[in-house]
Amino acid sequence: MKVLITGGTRGIGRACVEAFRDQGHDVVFLYMQSEDAATELQSDTGAIGIKCDIRSSDEVSRALQCAADRLGEIDVLINNAGVSSFGFFDSISDEEWERIIDTNLTGAFYVSRAVSRLMISQKRGKIINIGSMWGKVGAAMEVHYSASKAGLRGMTMALAKELGPSGITVNCIEPGVIRTEMNAVLNDEALDVLAEQTPLGRLGEPSEVASLALFLASDAASFITGQCIGIDGGFAI
Ligand code: NDP
């Protein structure tokens, strides 16, 4: 398969790059600024990295042209790139609201729109969005983040209906708390509390999310579309 992954340099995105490369698939990943990590990942896995801030429609157009040139076709898109921050609702600045929504929702829109044009002409494809359990149940101190991920849920279901007739599936993975740099702002005590609140009693690993992405990209998931699938150790039950 030919696979495009946004935000490949760290965490869940990196685990997806490694998992798909391990299975012998061709992978292009996008990243925003982590040049050294991108170079290392390219040499470790043979995946191709393209620098692209997905908040820019023009940058996405250029990166997608480059990705299509390298891959030929795109069978699978994983909209993984995302950012988060904590703060009381009334302290969220205009700029911070825009940073979160523009990356997590509008960025996924720009990339999906460009890739869907290719997939429609191919008459096949799989789009996998990385949402969050907070998009389903909401998180205090993360209203902007929760709103962006709830938007991704809506986009997943609507796009699944629109693209289904073209043979394209669209699904959303909704992780719970996963051990990545995104959670580096939390101290050990806070992480322990989150683990205790998780029925399975621990945090998730990026590789576990990547395994679900591999399944949704496979033929085994060919009749699954428009679904938002939790991978959260039971946290959001
Ligand atoms: P990380 O912070 O570890 O990695 C984020 C990745 O996104 C990096 O590769 C970063 O690139 C890239 N990125 C950020 N902004 C942009 C941008 N504007 N354009 C292109 N790439 C960008 O995050 P995680 O691995 O933890 O999270 C991955 C996804 O999973 C996110 O969508 C997140 O919301 C979601 N998620 C994570 C959870 C968790 O507990 N970790 C829980 C639920 C959902 P660069 O390195 O170049 O900045």
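Going by the structure above, here's the rest.
Residues numbered from 1 in each chain as written. Predicted model: local features only at pLDDT ≥ 70, side-chain atom pairs only at ≥ 80, totals over all residues. Heavy atoms only, no water.

1. Topic: the sheet that holds strand β3 (residues 48-51)
So, step 1. Strand order in the open sheet formed by seven strands is β3-β2-β1-β4-β5-β6-β7, and the pairing between neighbours is parallel. Pairing within the sheet leaves two strands with one partner each, and these edge strands are β3 and β7 (228-231). Neighbour-to-neighbour, the strand axes of this sheet turn through a mean angle of 20°, independent of strand direction.
So, step 2. Across five bridges, strand β1 (residues 2-6) lies against strand β2 (residues 26-31) in parallel orientation. Bridging across to β2, leucine 4 finds its partner in valine 28.
So, step 3. Packing against the sheet, helix α6 (residues 143-163) makes contact with β5 (125-130), β6 (168-175) and β7, and its axis sits at approximately 160° to β6.
So, step 4. Sitting on the sheet, helix α8 (residues 206-217) touches β4 (76-79), β5, β6 and β7, and the angle it makes with β6 is about 165°. (Pairing = 2+ DSSP bridges. Helix = DSSP H or I, 4+ residues; strand = E, 2+ residues; numbered from the N terminus. Axes fitted to C-alpha atoms, helices over the stretch in contact; angles between N-to-C directions. Contact = heavy atoms within 4.5 Å.)

2. Some thoughts on the pairing of β5
So, step 1. β5 sits mainly inside the fold: six of its six residues count as buried.
So, step 2. Residues Gly125, Ile127 and Asn129 of β5 are buried on one face, and the alternating residues Lys126, Ile128 and Ile130, pointing to the opposite face, are buried as well.
So, step 3. Where β4 and β5 come together, four bridges link them in parallel fashion. Within the sheet, the bridge partner assigned to leucine 77 lies in β5 and is isoleucine 127.
So, step 4. Crossover β4 to β5 through helix α4 (residues 94-122) is right-handed.
So, step 5. Strand direction decides the pairing type here: β5 and β6, joined by six bridges, are parallel. Bridge pairing in β6 places lysine 126 opposite threonine 169. (Buried < 20%, exposed > 50% of the residue type's maximum accessible area, 1.4 Å probe, protein only. Right-handed = clockwise from strand over helix to strand, strands pointing away.)

3. As for the site of the ligand
So, step 1. Neighbouring residues of the ligand: 32 residues in total, closest Arg10, Gln33, Ser34, Tyr145 and Thr180.
So, step 2. Isoleucine 12 is positioned such that a nitrogen or oxygen atom in its backbone is 2.8 Å from an oxygen atom of the ligand.
So, step 3. Taking aspartate 53, its side chain carries an N or O atom lying 2.9 Å from a nitrogen atom of the ligand.
So, step 4. Here the ligand loses 97% of its free accessible area of 910 Å² to cover by the protein chains.
So, step 5. More than half of the atoms of the ligand fall within 2 Å of the grid points belonging to the largest pocket.
So, step 6. Elements represented by at least two residues in the shell around the ligand include exactly α1 (11-22) and α6.
So, step 7. Across the shell around the ligand, the residue classes tally to 13 nonpolar, 14 polar and five charged. (Near = heavy atom within 4 Å. Polar contact = N/O pair within 3.5 Å; in protein donor to acceptor, adjacent residues only side chain to side chain. Areas by Shrake-Rupley, 256 points an atom, 1.4 Å probe, with all protein chains shown as cover. 1 Å grid on protein atoms, 1.4 Å probe; cavity = no way out; pocket = protein on both sides within 12 Å on 5 of 7 lines; lining within 4 Å. Sits in = over half its atoms within 2 Å of the grid points. Nonpolar A, V, L, I, M, F, W, Y, C, P; charged D, E, K, R; others polar.)

4. A look at the pattern of salt bridges
So, step 1. Counted by the stated rule, this structure contains 13 salt bridges.
So, step 2. Among the ionic pairs, arginine 14 bridges to glutamate 18, the shortest N-O distance being 3.0 Å. On the criterion of helical spacing, the pair formed by arginine 14 and glutamate 18 is a turn pair, its members being four residues apart in helix α1.
So, step 3. We classify arginine 14 as buried; its relative accessible area is 17%.
So, step 4. Here arginine 14 makes a salt bridge to glutamate 40, at a shortest N to O gap of 3.6 Å. Placement of the pair is arginine 14 in helix α1 and glutamate 40 in helix α2 (residues 35-45), with a sequence separation of 26 residues.
So, step 5. Shared partners join several salt bridges into a network, and the residues in it are Arg14, Glu18, Glu40 and Asp44. (Salt bridge = Lys/Arg side-chain N within 4 Å of Asp/Glu carboxyl O.)

Keep in mind these numbers describe shape, not what the thing actually does.
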